[in-house]
Amino acid sequence: MAFNKIWYTIVLGLLLPFSCAHTDFFTSIGHMTDLINTEKDLVVSLKDYIKAEESKLEQIKKWAEKLDQLTDTATKDPEGFLGHPVNAFKLMKRLNTEWGELESLVLKDMSDGFISNMTIQRQFFPNDEDQTGAAKALLRLQDTYNLDTDTLSRGNLPGVKHKSFLTAEDCFELGKIAYTEADYYHTELWMEQALKQLDEGEVSSADKVYILDYLSYAVYQQGDLGKAMMLTKRLLELDPEHQRANGNMKYFEYIMAKEKEANKSSTDSEDQMERETEVKKKDYLPERRKYEMLCRGEGLKMTPRRQKRLFCRYYDGNRNPRYILGPVKQEDEWDKPRIVRFLDIISDEEIETVKELAKPRLRRATISNPITGALETAHYRISKSAWLSGYESPVVSRINTRIQDLTGLDVSTAEELQVANYGVGGQYEPHFDFARANEPDAFKELGTGNRIATWLFYMSDVSAGGATVFPEVGASVWPRKGTAVFWYNLFPSGEGDYSTRHAACPVLVGNKWVSNKWLHERGQEFRRPCTLSELE
């Protein structure tokens, strides 16, 4: 009983509400790696606790075995046994002293060390928002990369090093999170997957009755009354007294009878069937379709004639003294807008230094509210970022100088180096880097004009996903560690180039680190002079 009480204490401790020192863990894989170490420390602590409990039980077991033999002998001839004065003395001693010591041993709580460690570590745990965010990330990856639930559940993803799978209980949890968001499309997919795994014989704490309850309602909400009735009947076979299911069945039968009375035309029925089988994704606009296709590598293919205009070269930064004898490798990624990639442009040592400087400062990436101007988090930007100044480290200063030398643009008016690490399914949906005409005050506080150009370092390889895509033109630029891409956001006239609207695709497998430099108009007047045409 004492052993069970200890475990009840642990379980209750785990369920108590907690605060966490860091929030939004799910938005940065870099920060999530700290949780691995936290969990490892807890496992070590738990194993120490188990050893302590086993040691205690071993002592109790030895005591019980010794007394079992002694009492067996004594009960056969109590008077004869106690006739020996030593036995009589030892009986008094055992009952007066030793049983009390045993009682203290049994009551001794061996969990203090583990519970104390748990209490300390709990402040660094993720919270409900993190769990929901990670679940939504899986749903987003499923949609973006056209993954069926079975593939995702079995962990059959490209480029994985450590394969993992979802249990029926995990699938049920994903379905519930989708349900709370009124996302009945994904609720149906994941509840069906949970049911499928249970039907295949998986041993799980997930209850078919609960799954069918959610599933039937999600299906009904999507207009498939016949399937909702079938699922409800199956639920009632498992639990005939289920109050809500009985009520739903009566309601479904009532609706079905009304539909029959209405004698709907066959055309209407066919239209309904089409609606039922249609993939129901909310806010699925044409741009989003293009964006997701590009993320999957299914984008627009450049014509052979345009491809012939793309070259690779050794580039000296327009005769920059630092690069005349040691030019860098440059290749064209796209023609309009012109996107170039620099190869081997940042070393592994520099990357590690930048990451070490940034990691302690990583915070949930924000966007500027176009109406209020306030910085706020957004569901369409899942990452954490930090800003590094040139004076903080010679490495950052050297990187800034390199950007200036190779672009020919003045970096003294540029923003600080922004370092970003993407989280589970990390992404940044289509956006512009420059301020549009209806946002005249976007960079007013900086006093350096609009963002004339973007320089983007890729500081990690990504096993799957994570491309930078340009939906307006069909370009996809894939992460390659040690490279950087560069493009102009503004025409020489200062007008915005709307073809530079771009996005960071969700990271399917891997850990994506990037850093970018936004260069501004001020200081570029003679480095990139205006032309007479708005679009040149």
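See above for the structure.
Only a predicted model underlies this, so the values are computations on that prediction, with no experimental measurement involved.

*Asks:* Give me the lowdown on the state of the cysteines, citing residues and values where you can.
*Replies:* For the coordinates displayed, the defined rule picks out 1 disulfide. Across the disulfide, cysteine 295 is cross-linked to cysteine 505 (sulfur-sulfur distance 2.0 Å). Between cysteine 295 and cysteine 505, the S-S dihedral sits near -85 degrees, and the bridge is therefore left-handed. With cysteine 295 in helix α14 (residues 286-295) and cysteine 505 in the loop between β15 (502-504) and β16 (507-509), this pair connects stretches of sequence that are 210 residues apart. Exposure remark for cysteine 505: the relative accessible area of 1% places this residue in the buried category.

*Asks:* Any details on the nonpolar core? Residues and values, ideally.
*Replies:* Residues Tyr145, Trp190, Ile211, Val469, Cys505 and Leu508 are the most contacted members of the largest nonpolar core, which totals 44 residues. Within the residue set of this core, elements represented by two or more residues are α6 (128-144), α8 (168-180), α9 (184-199), α10 (208-221), α11 (225-238), α12 (243-262), α14 and β16. Excluding residues within four positions of it along the chain, tyrosine 145 makes contact with Cys295, Arg296, Gly465, Gly466, Cys505, Pro506 and Leu508. By size, the runner-up hydrophobic cluster in this structure holds 35 residues, among which are Val340, Phe342, Trp455 and Ala484.

*Asks:* Please give an account of a negative patch on the surface that cites residues and values.
*Replies:* Together, Glu58, Glu65, Asp68 and Asp72 make up a region of like negative charge exposed at the surface. Relative to the helices and strands, aspartate 68 resides in helix α2 (residues 29-76). In this structure aspartate 68 comes out as partly exposed when scored by relative accessible area, which is 45%.

*Asks:* Give a description of unusual backbone geometry that names residues and reports values.
*Replies:* Here lysine 336 and proline 337 are connected by a cis peptide whose omega angle stands at 0 degrees. Structurally, proline 337 can be placed in the loop between β2 (328-334) and β3 (339-343). The phi torsion at aspartate 344 lies on the positive side, around 50 degrees, for a residue other than glycine.

*Asks:* Requested: an account of the environment of cysteine 505, with residues and values cited.
*Replies:* The spacing of cysteine 505 and threonine 468 is 37 residues in sequence and 6.2 Å in space, taken between C-alpha atoms. The contacts of cysteine 505, once residues within four sequence positions are left out, are Tyr145, Tyr291, Cys295, Gly426, Gln427, Gly466, Ala467 and Val469.

*Asks:* Give a detailed account of the sheet that holds strand β9 (residues 428-431), specifying residues and quantitative values.
*Replies:* Strand order in the open sheet made by the 4 strands is β9-β15-β12-β13, with antiparallel pairing throughout. Looking at the sheet topology across the chains shown, the edges are occupied by β9 and β13 (475-477). Between one strand axis and the next, the sheet turns through 15 degrees on average, direction left out of account. One ladder, built from 2 bridges, connects β9 with β15; its direction is antiparallel. Counted as the bridge partner of histidine 431 is histidine 502 from β15.

*Asks:* Would you mind going over the pattern of salt bridges in detail, with residue names and values included?
*Replies:* Evaluation of the coordinates by the stated rule reveals 33 salt bridges. As a salt-bridge pair, arginine 341 and glutamate 331 come within 3.9 Å of each other at their nearest N and O atoms. Of this pair, arginine 341 sits in strand β3 while glutamate 331 sits in strand β2, placing them 10 residues apart in sequence. According to the relative accessible area criterion, arginine 341 is buried, its value standing at 2%. It is possible to trace a salt-bridge network through shared partners that takes in Asp150, Arg154, Lys196 and Glu200.

*Asks:* Residue-level account of the side chain of aspartate 410, with values.
*Replies:* Tracing the backbone through its elements, the reader meets aspartate 410 in the loop between α17 (394-407) and β8 (417-422). In this structure aspartate 410 is buried but unpaired, with arginine 527 as the nearest side chain of opposite charge at 4.8 Å. Within the local environment of aspartate 410, its side chain forms a polar contact with the side chain of serine 412, the two groups lying 2.8 Å apart. Once residues within four sequence positions are removed from consideration, aspartate 410 is found in contact with Gln404, Leu519, Gly523, Gln524 and Arg527.

*Asks:* Break down the sheet that holds β8 for me, citing the residues and quoting the values.
*Replies:* Ordered in space as β1-β2-β3-β14-β10-β17-β8-β7-β4, the 9 strands form an open sheet in which the pairing is antiparallel. With one partner strand each, in any of the chains shown, β1 (312-315) and β4 (363-364) form the two edges of the open sheet. Judged from the 3 bridges that link them, β3 and strand β14 (residues 483-488) form a sheet pairing that is antiparallel. Within the sheet, the bridge partner assigned to phenylalanine 342 lies in β14 and is alanine 484. Strands β1, β2, β3, β7 (383-388), β8, β10 (451-458), β14 and β17 (513-520) of the sheet are contacted by α17, whose axis makes an angle of about 125 degrees with β10.

*Asks:* Help me get a handle on the pairing of β8, residues and values and all.
*Replies:* By the criterion of burial, β8 is predominantly enclosed, with 6 of the 6 residues buried. Burial along β8 is two-sided: Leu417, Val419 and Asn421 and Gln418, Ala420 and Tyr422, pointing in opposite directions, are all buried. Pairing of β7 with β8, which is carried by 6 bridges, proceeds in the antiparallel orientation. Across the sheet, residue lysine 384 finds its bridge partner in β8, namely asparagine 421.

Reading the values: rules and limits
- Residues numbered from 1 in each chain as written.
- Predicted model: local features only at pLDDT ≥ 70, side-chain atom pairs only at ≥ 80, totals over all residues.
- Heavy atoms only, no water.
- Disulfide = S-S within 2.5 Å.
- Helix = DSSP H or I, 4+ residues; strand = E, 2+ residues; numbered from the N terminus.
- Buried < 20%, exposed > 50% of the residue type's maximum accessible area, 1.4 Å probe, protein only.
- Core = buried A, V, L, I, M, F, W, Y, C linked by side-chain atoms within 4.5 Å.
- Contact = heavy atoms within 4.5 Å.
- Patch = residues over 30% accessible without salt bridge, like charges linked within 9 Å, V, L, I, M, F, W, Y side chains within 5 Å.
- Areas by Shrake-Rupley, 256 points an atom, 1.4 Å probe, with all protein chains shown as cover.
- Salt bridge = Lys/Arg side-chain N within 4 Å of Asp/Glu carboxyl O.
- Lys, Arg positive; Asp, Glu negative; His and termini not counted.
- Charge placed at Lys NZ, Arg CZ, Asp CG, Glu CD.
- Pairing = 2+ DSSP bridges.
- Axes fitted to C-alpha atoms, helices over the stretch in contact; angles between N-to-C directions.
- Polar contact = N/O pair within 3.5 Å; in protein donor to acceptor, adjacent residues only side chain to side chain.

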